[in-house]
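Here is what each chain is made of, one letter per residue.
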Amino acid sequence: MALQRQLARSGPQFAKTSLPRVQSRSLQDIAITRTGKPIIRISGGRSSLGGHTATVFGATGFLGRYIVNRLARAGCTVVVPFREEMAKRHLKVSGDLGRVVFLEMDLRNTASIEESVRHSDIVYNLIGRDYPTKNFDLEDVHVEGATRIADAVAKYDVDRFVHVSSHSVSKDSPSEFYRTKARGEEAVRNIFPETTIVRPAPLFGFEDRLLHRLAKASNLFTSNNLQERFYPVHAIDVGEALEKMCHDDSTAGETYELYGPKQYQMAEIKELVEREILKSRRHINIPPQIMTPVATLMNKLLWYTTMSKDSVTREFLDQTIDPTAKTFKDLGIEPTDLANFTYHYLQAYRSSSYYDLPPMTEREKREEKKYLHVLD
Ligand code: NDP
């Protein structure tokens, strides 16, 4: 300022031509984190400088891409711990060169977890599994794994930790998935009390296991006759909420339940799906007494995702809402309804004989066969 005043005094002509250009940055752009670290919060695009350094565990899954993409395209540096080379490739292009950093990690290797979090100012844990695998049961993933990540976050005093849990969690639930998720929440809160807990409802989107399961299966096997009720939520809305949590420190220590605006019964969603794909899928209901041992066996023998004992149990549980938890409304987000997106996500399942072009006019029909092109 002093330099500018001095130049202004030495003559208006001189002052106009040789005033140095001072880069202006409003003070609100600079945020001081809980640990006193200054962060330049930028609103620029993927090539801008500044922003947060975020670690996203479980980024290779369905929801992961919706938060990695949002952070990376806003110029943040995103650390993606991974365990399978091929599963992470699509995330590379979500940010500018060098913005998406991959680190090999194993959920039982504490050193690799610590390496993944130690340079970050926010850590997201999206790691979860619907069914037990040969090396990890649900307890290993949702309680022990989450505990190890929270321990690393606390050890390196990372400013923020966002832990993605699940809807309907309860320590007394008949479902092992909901029980272990509830214990995971408790464990991370005990280690790092500022943890933000996010409980998403069943997600729908391009890579979901809800709409696509109903559209794909030539034979759909269930046990509860598609009677379960829940509030499906759009993956893009959850991604937006996770991004907002990064920029708003008042979300630290809070619990959010993120669910869609309308409750559906699974049978209603099946109807919507069939109307959209213009096909009818066969549905076979098998009593749980038979389905549970079959699902357990399939889960043990098959190497790809199928049913599990717990998925049969979950079919009999409707989504519960915790009235004390915060929601999309507290983040200023209006969640979108599943019915508005079925065409968008399912049009590829339509037969090629249905195409969405306007009907041909009589003249077009007459002219269509006028020319015969021989190409080779
Ligand atoms: P996905 O199953 O698509 O992805 C799970 C992620 O966790 C993957 O990146 C996977 O890695 C990782 N992971 C699983 N087990 C391990 C392990 N043993 N070691 C290391 N990484 C592991 O889940 P979504 O993206 O759909 O869901 C994200 C979170 O939201 C999860 O915690 C899930 O439980 C929760 N949730 C999801 C709902 C939904 O409808 N999708 C509903 C409610 C909650 P890899 O790719 O290497 O397998």
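Parameters at a glance
- Residues numbered from 1 in each chain as written.
- Predicted model: local features only at pLDDT ≥ 70, side-chain atom pairs only at ≥ 80, totals over all residues.
- Heavy atoms only, no water.
- Helix = DSSP H or I, 4+ residues; strand = E, 2+ residues; numbered from the N terminus.
- Buried < 20%, exposed > 50% of the residue type's maximum accessible area, 1.4 Å probe, protein only.
- Contact = heavy atoms within 4.5 Å.
- Areas by Shrake-Rupley, 256 points an atom, 1.4 Å probe, with all protein chains shown as cover.
- 1 Å grid on protein atoms, 1.4 Å probe; cavity = no way out; pocket = protein on both sides within 12 Å on 5 of 7 lines; lining within 4 Å.
- Points joined across faces, edges and corners; volume = space filled by probe spheres on them.
- Near = heavy atom within 4 Å.
- Polar contact = N/O pair within 3.5 Å; in protein donor to acceptor, adjacent residues only side chain to side chain.
- Nonpolar A, V, L, I, M, F, W, Y, C, P; charged D, E, K, R; others polar.
- Patch = residues over 30% accessible without salt bridge, like charges linked within 9 Å, V, L, I, M, F, W, Y side chains within 5 Å.
- Salt bridge = Lys/Arg side-chain N within 4 Å of Asp/Glu carboxyl O.
- Pairing = 2+ DSSP bridges.
- Right-handed = clockwise from strand over helix to strand, strands pointing away.

### Re the overall build of the chain
Counting secondary structure elements, the chain contains 13 helices and 15 strands. Expressed as a percentage of the 376 residues in the chain, the buried residues total 45%. Expressed as a percentage of contacts within the chain between residues at least 6 apart in sequence, the contacts between residues at least 24 apart total 74%. Accessible area of the chain: about 20700 Å², with a carbon and sulfur share of 53%.

### Describing the layout of surface pockets
Empty space among the atoms becomes apparent when a probe as large as a water molecule is rolled across them. Estimated volume of the second largest pocket: approximately 560 Å³. Taken together, 22 residues make up the lining of the second largest pocket; nearest its centre are Tyr131, Pro132, Thr133, Lys134 and Asn299. Mapped by element, the contributors of at least two residues to the lining of the second largest pocket are α6 (176-191), α10 (288-301) and α11 (309-315). Top contributing element to the lining of the second largest pocket by residue count: α10, with four residues.

### Some remarks on the site of the ligand
Around the ligand, the surrounding shell holds 24 residues, and the nearest of these are Thr60, Leu63, Arg83, Lys181 and Arg209. Within the backbone of glycine 58, a nitrogen or oxygen atom sits 3.3 Å from an oxygen atom of the ligand. Here an oxygen atom of the ligand sits 3.2 Å away from a polar atom, N or O, in the side chain of arginine 129. For the ligand, the protein covers 89% of the area, taking 890 Å² as the surface of the free molecule. In terms of residue class, the shell around the ligand is built from 13 nonpolar, seven polar and four charged.

### Regarding a nonpolar patch on the surface
On the surface, Ile30, Ile32 and Ile40 cluster together to form a nonpolar patch covering roughly 250 Å² of accessible area. Within the fold, isoleucine 30 resides in strand β1 (residues 30-32). For isoleucine 30, a relative accessible area of 37% gives the class partly exposed.

### Topic: the pairing of strand β8 (residues 196-200)
Among the five residues in β8, five count as buried, and that is most of the element. The alternating pattern of β8 places Thr196, Val198 and Pro200 and Ile197 and Arg199 on opposite faces, both of which are buried. Across three bridges, the pairing between strand β7 (residues 160-164) and β8 is parallel. Residue pairing across strands places valine 164 opposite valine 198, the latter belonging to β8. Handedness of the crossover is the feature at issue here: the chain leaves β7, passes through α6, returns alongside β8, and the resulting connection is right-handed. With four bridges connecting them, β8 and strand β13 (residues 255-258) associate as parallel partners. Its bridge partner lying in β13, valine 198 is registered against tyrosine 256.

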